[in-house]
Amino acid sequence: MKVGDLVKWTNEFNPDYYGGDVDGLVTKVTHYDDAVGTVVVDVLVRGGIRRWNSKSCEVINESP
C-alpha cells in the first residue's frame, strides 16, 4: 500500500461504517514500529481525510 493507491473500506466488523461501499485515495502511509508492524493510511474520502488501519481496507487500483 502506497501513496496514490485507490483503496476500499473492508472492515469486517463494521463494513457499513461509512454507509456502504466506500473507497478513497491514499495520501499518506505511516509504519509503526510495534510488535505487529501496524500500518496506518490517511485516505481522502468524500472531501475529507480519514485514518484507516491497513487491515481495514484493500487496494482496488494500485498507482504506477
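Residues numbered from 1 in each chain as written. Predicted model: local features only at pLDDT ≥ 70, side-chain atom pairs only at ≥ 80, totals over all residues. Heavy atoms only, no water.

### Notes on the pairing of strand β1 (residues 6-9)
Because side chains alternate across β1, one face comprises the buried residues Val-7 and Trp-9, and the other comprises Leu-6 and Lys-8, none of which is buried. Across three bridges, the pairing between β1 and strand β2 (residues 23-31) is antiparallel. Directly across from Val-7, in β2, lies its bridge partner Gly-24. Direction of pairing for β1 relative to strand β5 (residues 57-61): antiparallel, over a ladder of four bridges. Bridging across to β5, Lys-8 finds its partner in Glu-58. (Buried < 20%, exposed > 50% of the residue type's maximum accessible area, 1.4 Å probe, protein only. Helix = DSSP H or I, 4+ residues; strand = E, 2+ residues; numbered from the N terminus. Pairing = 2+ DSSP bridges.)

### Topic: the sheet that holds strand β4 (residues 48-53)
Neighbouring strands of a sheet are bound in pairs by backbone hydrogen bonds; such pairs are parallel or else antiparallel. Spatially, five strands are ordered β4-β3-β2-β1-β5 in an open sheet, and the strand pairing comes out antiparallel. At either end of the open sheet lies a strand with only one pairing partner, and these are β4 and β5. Going from strand to strand, the sheet's axes swing by 45 degrees on average, the running direction of each strand aside. The pairing of strand β3 (residues 39-45) with β4 spans six bridges and is antiparallel. Considered in β4, the bridge of Val-41 is made with Trp-52. (Axes fitted to C-alpha atoms, helices over the stretch in contact; angles between N-to-C directions.)

### Some words on the nonpolar core
One finds Val-7, Trp-9, Tyr-18, Val-22, Val-26, Val-41, Val-43, Val-45, Trp-52 and Cys-57 forming the largest nonpolar core, which totals ten residues. Those elements giving two or more residues to this core turn out to be β1 and β3. With three residues, β3 is the largest single contributor of residues to this core. In this structure Val-26 touches Met-1, Lys-2, Val-3, Gly-4, Asp-5, Val-7, Val-41, Asp-42 and Val-43, once residues within four positions along its chain are discounted. (Core = buried A, V, L, I, M, F, W, Y, C linked by side-chain atoms within 4.5 Å. Contact = heavy atoms within 4.5 Å.)

### Focus on the packing of aromatic side chains
A ring pair, where both rings are aromatic, is described by two values, the distance of the centres and the angle of the planes. As enumerated under the stated definition, the model contains five aromatic pairs in all. Centre to centre, the rings of Trp-9 and Tyr-18 are 5.1 Å apart; their planes meet at 85 degrees, and the pair counts as edge-to-face. Residue class for Tyr-18 comes out buried when judged on its relative accessible area of 16%. On the basis of an interplanar angle of 45 degrees and a centroid distance of 5.6 Å, the ring pair of Tyr-18 and Trp-52 is categorised as tilted. (Phe/Tyr/Trp six-rings, centres within 6.5 Å; stacked < 30°, edge-to-face > 60°.)

So yeah, pure geometry; function would need other evidence.
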